[in-house]
Amino acid sequence: MEILIMVFFILSVTFPVLHLYHSLPWFRESNERSNKREATLKKWMMDHEPEDEKGMSILVPCFNETGILETSIENMKSLPYSQLEVLYINDGSTDDTLIYLDKMLQLHPCKISTDGKLSHEKVKETYQSELYPNIYVIDKENGGKADALNAGIEYSSKEITITLDADTILEDMALPAVNDTFSDEDVVAAGGMVHVLQAKSKHSSNRLSLRNANMLLRVQVLDFLKAFYISKLSLVRFKGLAVISGAFGIFRKQVLQDVGGYRKTIGEDIDITLRIHELIAKHKNFKISFISDAVGFTELPETWKDLTKQRLRWQKAYIDCIIHFRSFFGKTIFSKAVSFFYVFEAFLIGTLASYIMTVIVIVNMINAPENSYLNYVFFYMFWIFIFGVIYDVVAIKQGKHYGFTFNWKDGFRLFSAIIFDILVYRFVTMYFVMYGSISYFFNKKWNKVARTGRTYHNKATKNAA
Amino acid sequence: MGKKAVLFILTACTVLTLGVISYVFQFTTTTSSNIVKEIDRKGKFGDRLEEISLKDGDPISVLVMGTDTRAGEQGGQTDTLVLLTINPASKSVKMVSIPRDTYTKIEGGLDKINSAYGVGDVEMTMNSVENLLNVPVDYYIEVDMKSFTGIVDTLDGVEVNNDFEFRTHNLEFTDEKVDFPKGKLTLDGKEALLYARMRELDPRGDLGRQKRQRQVIESVLQKGSNLSSVTKIGEIAQVVGKNVNTNFNLFELWRLQSNYKEAQENITDYEIAGEDKTIKGTYYYMPDKKELNKISTTLKNHLELNDKNQYAEKEQTQDPESSDSEEEISKESEETNVEASRKEQEGSNEHKETEDTGSEEENSKEAEENHPEGSHEVQEKTKEQKEKENKDSEEETVENRGDSNVVKVITEDWAPIPTKQENYTGVTFEKGSQDWEEMTAAISKGAGLTKSDMIVWWVSGDGSKSVIATVTNKTQSNNYRVYVSWVDGAGYKPTKVEVLHKNDKKS
């Protein structure tokens, strides 16, 4: 029993430690761009060599998104990038999404050519904006997010496809940074840095603010800092990134078509990333990148109920993909980083270990309630606390390194968020992992999270411009 | 590639460090919750334990208790009792075996010392040893047979020097068949247990067994003090599990290992001389007073407790009532001893030769000094007593057939002793308390003795509101067993008195 606990302890601590070190700037890959790149240089590139800008299509699938569309459109129209088209795909919304789009964009029907490579639900009509000629709307029958994205790929015309959620907005420098990364012909896909929209500062583009965020959002800010600046950064360096976030993903259109587009599933973003990994297995020079200075902000759930829905969906997506890609994982578990980390870190450690540790603790509580229970509490406190604090602090430092600082007034909020993270949040997420894994087999619904209905664009874009 | 190697090495080192830290943490918490059992005792040496600094290498005493049950469980007996005093300054250890059948005072009564464990667990055993030897017992280590075997095995056996050859083929307490030839032997756990338990074949009997036990402890100490490997210590902690208890905490054990281990280079062992005695069919070991005194002085010197009064005073201030009455009783019995032997010469009364327990011994000098006055008083009272005795014989008596020790049974309608207690809940047995005073008054009334002429030898409960007491007059010429009961709203009253041939609570 004690040996088992020890083994699980070592396993569960190994991956975080590994990522913690590996994410540090010292381990940067030679082809990774430094965040230190002068902003003026990009500005110069943007202003003087528009012919070097690769064409980009931003796809925004919309299903009942009236609340957030204004924010999204305000952001899209202000993006300083010439070779850009934006496609809003109305996936058979049952609310006023299309009317709303028309009001904002002054739509008129237009004919758009398709490649005819990917299948999708029937498109009812395609529109172009009169106000912003590079913004299009595709109105189609409902088919789910993957189907909407496939339609978007079909109707897009540019070399690079960027997929965003309707509630994701981009920073001005995001697209030039993507452009720069994709100038390397071997980069076939990349993930952008995603921050919490609710923590976006109204005053400064390189600051996060916790002032208007509740505790749940604050821990998610930390969560995202950890996930992107430590875990994803490290995994990309291992060539093992299994999830390009659906909130902000960048792909070569050709590659998306080569892998057969998106699969209709609960976790289409994991699915597409793994398909690209399968492709990379045949084309060794291809690679997936993480663009730390391509920054987007996405809205996150503000209530426990919404958070539960979202996290359960993520967990179901994880389970779905381990089942769907089982033969790929089986063949490459020790030869490919992506399979190794997906199976060992995410599944064995992240999922199964949650169950086993819980069982061990419960069995011990029953067997020897007086001492072992206390033991475990102290044991947990001892290392989880220390390690949790270190992990959070490193994530914050990493954020600073990549240009995001917190106001000193947020110090206490940050501190309380760290405590809340260690004492409450991680238990709750562990519960999500356990519950989601089981409920996957009984209930595969999408569980779309309701948007908050807040407006972010006014002040935000004004300040950013 | 170089950076990847650095990464993996760094990660491995960190994980290893975290693993070791948490293992040590886990180990210490588990081990201490398993073996460390602090006890809260108010022994006759007060809070001496708090004043001891293991860091400074103060001399300490440790009681090693071998039990026949699992430590922590209720009941059972201590098969082995060895008191060690350790003085790191003089690099020496003194080891005294306390025979398990030693007749001594246990919390108001008199019994074998090994029964203290069954009555009051570790605490009472420690108190009883303190009373017997009149030295403070600071720490205890309680080991059961299973963990003893495990400890010896983990230490790769113990080395002993066997005095005589014996084989355990036909012994009652074990089915194991092991030969123990004469000379130097290395014993594994199971053999060491047999070696330490065997008594029947030893020509010296229990004393021989005690010696063998000390040999084993000595070897365990020697091997244990040279333990340096962490894995061995972990192994022992694993083996002992919950079967060893001690009031050393882990830091103190660590200090013990570092500051006290050199002391084991020079071990002297002692045994308590005495004689066997069977009282009412029960075997007892009667320790020799002079021997006890000598050992007590040796141990006190070894513990650097040269100022004897230091602790006597402390005792006084801490619990004046109980210690007063204790001393009184011992003083009285000492006086009577002297008086009794004088009477024996005169041939006026039957008298059995007596042995005194250790705690009484401490006051013997004092008692002798008081002798002239004391004996005078006693003689006077004896006359009164004789008169009363004559009265007693006139009273209604019943022949007692059940108990051969009972001369006659007296039943009379005694009046209850008027009580001052408002909320009576039962017999308290607290010396000096109102309840005790009233109860003893009823006893003396029943026995027909004045309170000052009465020695209470034994009081035991007979239900919650009745007691049976064994008392004598000061000269111990008359022995009584008095039955006293509480009458609600009135007080204690004697219900029955048995006149005894001899005092069966004394030896």
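Heads up: the structure comes first, above all this text.
Residues numbered from 1 in each chain as written. Chains lettered and ligands numbered in written order. Predicted model: local features only at pLDDT ≥ 70, side-chain atom pairs only at ≥ 80, totals over all residues. Heavy atoms only, no water.

## Focus on the nonpolar core
Next up, step 1: Counting 123 residues, the largest nonpolar core has I58, Y88, F248 and I276 of chain A as its most contacted members.
Next up, step 2: Among the elements that line this core, the one with the most residues is helix α7 (residues 215–237) of chain A, at 13 residues.
Next up, step 3: Of all hydrophobic cores here, the second largest spans 26 residues; its members include V152, V158, L193 and L194 of chain B. (Core = buried A, V, L, I, M, F, W, Y, C linked by side-chain atoms within 4.5 Å. Buried < 20%, exposed > 50% of the residue type's maximum accessible area, 1.4 Å probe, protein only. Helix = DSSP H or I, 4+ residues; strand = E, 2+ residues; numbered from the N terminus.)

## A closer look at unusual backbone geometry
Next up, step 1: One non-glycine residue, N64 of chain A, lies in positive phi territory at about 55°.
Next up, step 2: Within the fold, N64 of chain A resides in the loop between β1 (56–62) and α3 (66–78).
Next up, step 3: One non-glycine residue, E304 of chain B, lies in positive phi territory at about 60°.
Next up, step 4: Tracing the backbone through its elements, the reader meets E304 of chain B in the loop between α9 (289–302) and α10 (308–318).

## Topic: the interface of chain A and chain B
Next up, step 1: With 24 residues of chain A at the interface, the matching set in chain B holds 22 residues.
Next up, step 2: Between chain A and chain B the total buried area reaches about 2,100 Å² when both faces are included, carbon and sulfur atoms providing 72% of it.
Next up, step 3: The tally of links from chain A across to chain B stands at zero salt bridges.
Next up, step 4: At the boundary of chain A and chain B, one finds two residue pairs in polar contact (both at pLDDT 80 or more). (Contact = heavy atoms within 4.5 Å. Buried area = accessible area lost by both parts, 1.4 Å probe. Salt bridge = Lys/Arg side-chain N within 4 Å of Asp/Glu carboxyl O. Polar contact = N/O pair within 3.5 Å; in protein donor to acceptor, adjacent residues only side chain to side chain.)

## Points about the packing of helix α12 (residues 337–367) of chain A against helix α14 (residues 411–439) of chain A
All names here are of chain A.
Next up, step 1: The contact between α12 and α14 brings their axes to 9 Å, and the two run at 105°. When the axes of α12 and α14 are compared, the pair comes out roughly perpendicular. Packed against α12, whose contacting residues are G350, T351, S354, Y355 and T358, the element α14 presents M430, V433, M434, S437 and I438 at the interface.
Next up, step 2: Across the contact of α12 with α14, the residue classes break down as five nonpolar, five polar and no charged. (Axes fitted to C-alpha atoms, helices over the stretch in contact; angles between N-to-C directions. Parallel < 35°, antiparallel > 145°, perpendicular 65-115°, else oblique. Nonpolar A, V, L, I, M, F, W, Y, C, P; charged D, E, K, R; others polar.)

## Description of the sheet that holds strand β6 (residues 139–144) of chain B
Residues and elements named next belong to chain B.
Next up, step 1: Pairing within the open sheet is mixed, and its six strands lie in the order β11-β6-β1-β2-β3-β12. Since the sheet does not close on itself, it has two edges, and those belong to β11 (244–246) and β12 (267–271), each with one partner. Strand after strand, the sheet turns through a mean of 15° between neighbouring axes, direction not considered.
Next up, step 2: Of the pairings in the sheet, the one linking β6 to β11 comprises three bridges and is antiparallel in character. Residue pairing across strands places V143 opposite V244, the latter belonging to β11.
Next up, step 3: Against the sheet, helix α6 (residues 206–225) engages β1 (60–67), β2 (78–87), β3 (92–97) and β12, with an angle of about 160° to β12. (Pairing = 2+ DSSP bridges.)

## Topic: the side chain of N162 of chain B
All names here are of chain B.
Next up, step 1: Mapped onto the fold, N162 is located in strand β7 (residues 158–162).
Next up, step 2: At 3.2 Å, the side chain of N162 forms a polar contact with the backbone oxygen of F180.
Next up, step 3: With sequence-adjacent residues up to four places away left out, N162 is seen in contact with F180, P181, K182, G183, L185 and Y195.

## Details of the pattern of salt bridges
Next up, step 1: Per the stated rule, a full pass over the model turns up 35 salt bridges over all chains.
Next up, step 2: A salt bridge links D421 of chain A to K226 of chain A, with the nearest nitrogen and oxygen atoms 2.6 Å apart. Residue D421 of chain A is found in helix α14, and its partner K226 of chain A is found in helix α7; the two are separated by 195 residues along the sequence. Side by side, D421 of chain A and K226 of chain A carry an identical accessibility label, which is buried.
Next up, step 3: K211 of chain B is paired through a salt bridge with D163 of chain B; the nearest N and O atoms lie 3.2 Å apart.

## So, the environment of S82 of chain A
Next up, step 1: Along the chain, S82 of chain A turns up in the loop between α3 and β2 (84–91).
Next up, step 2: Spatially, the C-alpha atom of S82 of chain A lies 7.6 Å from that of E53 of chain A, the residues being 29 residues apart in sequence.

## What to know about the packing of aromatic side chains
Next up, step 1: By the definition in use, this model includes 28 aromatic pairs over all chains.
Next up, step 2: When the ring of Y431 of chain A is compared with that of F432 of chain A, the centres are 6.1 Å apart and the planes differ by 55°; the resulting orientation is tilted.
Next up, step 3: Its relative accessible area of 3% is what places F432 of chain A among the buried residues.
Next up, step 4: Aromatic rings pair up to connect F15, F238, F334, F340, F341 and F344 of chain A together with F8 of chain B into one cluster.
Next up, step 5: Of note, K112 of chain B hangs over the ring of Y284 of chain B, and the distance from its end group to the ring centre comes to 5.9 Å. (Phe/Tyr/Trp six-rings, centres within 6.5 Å; stacked < 30°, edge-to-face > 60°. Lys NZ or Arg CZ within 6 Å of the ring centre and 35° of its normal.)

## Regarding a nonpolar patch on the surface
Residues and elements named next belong to chain A.
Next up, step 1: Where nonpolar side chains cluster on the molecular surface, the patch consists of W304, F385, I386, I390, L423 and V424 and spans about 490 Å² of accessible area.
Next up, step 2: With three residues, the top contributor of residues to the nonpolar patch is helix α13 (residues 369–401).
Next up, step 3: Within the secondary structure layout, I390 lies in helix α13.
Next up, step 4: Assessed through its relative accessible area of 39%, I390 is described here as partly exposed. (Patch = residues over 30% accessible without salt bridge, like charges linked within 9 Å, V, L, I, M, F, W, Y side chains within 5 Å. Areas by Shrake-Rupley, 256 points an atom, 1.4 Å probe, with all protein chains shown as cover.)

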